[in-house]
Each structure stands twice: as structure tokens, then as C-alpha cells.
Amino acid sequence: MELDFRKSPQVLADIVDAMGAGVFTVDARGRFVAWNEGAERITGYRADEVIGRPCTLLEGPNCKGFGKLAELLDADQPPVGICGQECKVQSKDGRELYIHGNVRLVYDQHGAVAGAVGTFLDMTSFVEAHEKIALLEQQVYGGGLGEMIGKSEAMQEVFRRIQLAADSDVTVLITGESGTGKELAARAVHTQSERRGAPFLAINCSAIPEALLESELFGHAKGSFTGAHADKQGLFEAAGGGTLFLDEIGEVSTAIQVKLLRVLQEREVRRVGESRTRKVDVRLVTATNKNLKQLVAEGKIREDFFYRIHVFAIHMPPLRQRREDIPLLTDHFLNELCRSKGRAVDGVARDALKLLLDYEWPGNVRQLRNAIEHACVTVSGDRISYLDLPPEIRDPHGSHLPDVAGDLDQEERAERDRIIGALRQTGGNRTKAAELLGVSRVTLWKKIGKYAIEVPT
């Protein structure tokens, strides 16, 4: 018997029909051309019911899967190679099916997209069982402190040290890369301490010029400098009984360091333009993403100041060192950014979650939040998919930001500069930047894409 499927198309057809997986082909317009028996068994649709019809046939009100295939066929730059994706589709009897599919685009002799060939497996029972296990794990092992979330060993150590700091009145230094949640840790120290009923005030030392920073911290007397039209209370006084958080402490000048040393040693401040001192009762928490010991060696940080703020240290680990926390953080951000705003998003597809788990996250938790916010804007079904994630997550080594600045007219260039300024001012927070610019989040997303803006993280 001749069983070489390369010589006999009928043998190949019999093999394809005998497979447990669904196998199909579509033309360049996304209409089904072939549909094997495995696809019939999984979806309930016979071949004669789908052939010639658009691939969006399997799209239900909460399902999104084959519609993405139509988007791939229409893309300006279609992907090269196999594109794998988990998605939901609707069976003929109305059931929602979780499938995992692989699609390869087919090109004609001129290099134009001629269609696609794909396979898919029914993953419904596996996904439902996995979700039940994940829910049980979250109920048993889910952890957090205040607004901070994490069950990893690294975060459990952070929580332990926060509680130790909260149980005392020690000066705290929080270290870690940008976006790791240093201000959240400072707030947790405050809210877990006996000072929780008093103010928690925060200031970014790198965002304020030195002359203004002195006034902000210590206050000033009326007439002490141009523009000082009235006496002003500084943050040390305003935070009386509570906690003052100084972020980017490595950016302050040596002159300010001397004044901060006096506050820490004498527990008193002197307003700019005054000779008398005022007693203050404040716990100081500082933070930096720099190596302070190196800055001491370079003469940028006074050694006595370093040891005065480095009494008790808490190090915030980068997200790449606590990957097991990514599912918890993702679900938290989905609640905050999608579900709380009425978007019916159940979760994240496994292929998208794998991308989130594998990505290096140079912007840490802040960047993850921004990625989920992007997905909440673009998602059209009830699960975040691979294609809903930002381009830099899907293709971390690709050139997804073309240089368009040179092609803009004067008005467009000015608008681009305003957007960049707003994003910098808000630390990459797109929601706050949109509010600052007076536009909707969706409009801001479109402008970011139009002007190829690299969002700070």
C-alpha cells in the first residue's frame, strides 16, 4: 500500500482528518477554504457550514480568536513564521471554547499574502482546571501588605522589614530600581506604624530646583526672597507627628544635606529667612535608585549624611527577580484598570501570560501596570490576548518605534513635545498624563502611537 502522503493527496487528506487537532486554511480575505474533521469535532461546525464564510464566524459576544487572524492578514507588516495564540471561540451549540492555535501565513510568488494555514487544540478542560488551581493557590498563598502585593520570598522579606521599621521610629532608606514601588513601601511603613493617624507627605527631590527645595522642606518667612509674599510652613512642619518621604535623595545638594542633617540630629528646622528654630516630630523615610556608597566616594553625598539616613534599609527587588508575583500583580491591575471601569475582562490568556512572565521588565512594576492599562484599552474580548499587549512586550528586541519626528509639521511637533512633557511629569503614568493634557486615555494612546513616543518607565 502506498502511504507516502507526498505522492498521494488522498492519503494526506485522510491523515489530516484523522488528527485530533483542528486544521484549516483561509484565503487572503479571511474566508475558510478547508476545514478538517478534527475542527468539526471540536467546534461542531461541519465543513460545508464554514467553507466560503469569513473566519469571524466563530466569534461570540465574549469570544475573540479568529477575528485576530483577520487582523493579521490585513496588517501592514504581517508576522514572519508561526504565530501562536490562545483564544476563545464559540462552538455551534453556543459553548465558549478555549483553544490554542498556531497560524502560518502563506505567500504567493510575488510575496503577497495569499492566505493562512492553521491548527488548533481544544484546551477548555485544561484551562478551567488550571484556573481552579490558580484560585486555590491565591486563596492559600496570596500575600500583601497595604497596597503592596507579592507572595515571593523576596517580597516576604520586604514585608518583614517594613513591619520591623513600623514597630520602631527608625529613619528608613528604601533602595531599588525605578518602578519597583519604593513610595508604596514608604506608605506601608507609615500605615503600619503608630503614626498612621498623622500626615504622610512625599516629595521627589530631583523634580524641584535646589532654591525651591529648601523652601519646600523647611518653609520660609515673608519677604525672605522674591515671591515670598507670606510666611510658609515647610513639609517637615506640615508632616508633624507623621512621616515625610523624600524620594531620589541621592539628587540633593550637599548644602541641603547639611540642613537635613541638622533636622535629623536636633529635630528642629529653621525657615528660610528666619533666625529662630522650630521643633518638629517627624519620621523621615528616604529612597533612591542610585548607589549611595558610590556617590559618597565621588563626593556627591556627605559620608555623615549617608550614615544618618542609612540607619535601617529596605531593598525593593526588581520584578525580574520576583516573577512568581506577576500573575498576582496582573490580576490586581486588571481589577484596578479594567473591571472597576466596567470592562468584563476575566483574565489573561496563557500565551499572553507567558510573555509577561518571560519579559525582563526594565521599568519593573510600573511598566507592568502600564502594559495592562494598554491591554485594557485594546482588548475586545473577555481575556487579554497576545496581540493586546504593547509592541515592546511582544517584540522586546524589535524596532517598533519608527523615527517620525522629522516628518511632523510645526503644530504636530509641538503636540508631540507636550505629550512627552506630560509623560515625563507623571513618570510615565498615561492616565495622569491624559488628565494633564485634557484628553481621554484612548486619544492619548493613539497620539503616542502616531508620534512613536517612547513612554518613560
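Residues numbered from 1 in each chain as written. Predicted model: local features only at pLDDT ≥ 70, side-chain atom pairs only at ≥ 80, totals over all residues. Heavy atoms only, no water.

Caption draft 1: Up close: the overall build of the protein chain. The helix and strand inventory of the protein chain stands at 19 helices and 18 strands. The buried share of the protein chain, reckoned over its 457 residues, is 44%. Long-range contacts, defined as pairs at least 24 residues apart, comprise 63% of the intrachain contacts of the protein chain with a sequence gap of at least 6. By element, 50% of the accessible surface of the protein chain is carried by carbon and sulfur atoms, the whole surface being about 23,100 Å². (Helix = DSSP H or I, 4+ residues; strand = E, 2+ residues; numbered from the N terminus. Buried < 20%, exposed > 50% of the residue type's maximum accessible area, 1.4 Å probe, protein only. Contact = heavy atoms within 4.5 Å. Areas by Shrake-Rupley, 256 points an atom, 1.4 Å probe, with all protein chains shown as cover.)

Caption draft 2: Structural context of the state of the cysteines. All told, the structure shown has one disulfide when counted by the stated rule. Sulfur-sulfur distance for the disulfide between Cys-338 and Cys-376 comes to 1.7 Å. Between Cys-338 and Cys-376, the S-S torsion sits near -120 degrees, and that sign places the bridge as left-handed. With a gap of 38 residues between them, Cys-338 in the loop between helix 13 (326-337) and strand 17 (347-348) and Cys-376 in helix 15 (residues 364-378) connect regions that are remote in the sequence. (Disulfide = S-S within 2.5 Å.)

Caption draft 3: Looking closely at the sheet that holds strand 8 (residues 172-175). Spatially, five strands are ordered 9-12-15-8-16 in an open sheet, and the strand pairing comes out parallel. Of all strands in the sheet, those bounded by a partner on one side alone are strand 9 (200-204) and strand 16 (312-315). If you compare each strand with its neighbour and ignore which way they point, the axes differ by 20 degrees on average. As defined by bridge partners, strand 8 adjoins strand 16 across four bridges and the pair is classed as parallel. Residue pairing across strands places Leu-173 opposite Ala-313, the latter belonging to strand 16. Seen against the sheet, helix 6 (residues 153-166) touches strand 8, strand 15 (283-288) and strand 16 and runs at an angle of roughly 155 degrees to strand 16. (Pairing = 2+ DSSP bridges. Axes fitted to C-alpha atoms, helices over the stretch in contact; angles between N-to-C directions.)

Caption draft 4: Summary view of the pattern of salt bridges. Inspection of the entire model under this criterion finds 25 salt bridges. Residue Lys-92 is joined to Glu-49 by a salt bridge in which the shortest nitrogen-to-oxygen separation is 2.6 Å. Taken together, the residues span a long stretch of sequence, with Lys-92 in the loop between strand 3 (82-90) and strand 4 (96-107) and Glu-49 in helix 3 (residues 47-50) at a distance of 43 residues. Relative accessible area serves as the criterion here: at 41%, Lys-92 is assigned to the partly exposed category. (Salt bridge = Lys/Arg side-chain N within 4 Å of Asp/Glu carboxyl O.)

Caption draft 5: Region of the structure containing the packing of helix 13 against helix 14 (residues 350-358). As a packed pair, helix 13 and helix 14 sit with axes 10 Å apart at the nearest point and diverge in direction by 120 degrees. Crossing of helix 13 over helix 14 shows right-handed handedness. Between helix 13 and helix 14, the residues in contact are Ile-326, Pro-327 and Thr-330 and Leu-353, Leu-356 and Leu-357, respectively. Tallied by class, the residues present in the contact of helix 13 with helix 14 amount to five nonpolar, one polar and no charged. (Left-handed = near helix turned anticlockwise from the far one by under 90°. Nonpolar A, V, L, I, M, F, W, Y, C, P; charged D, E, K, R; others polar.)

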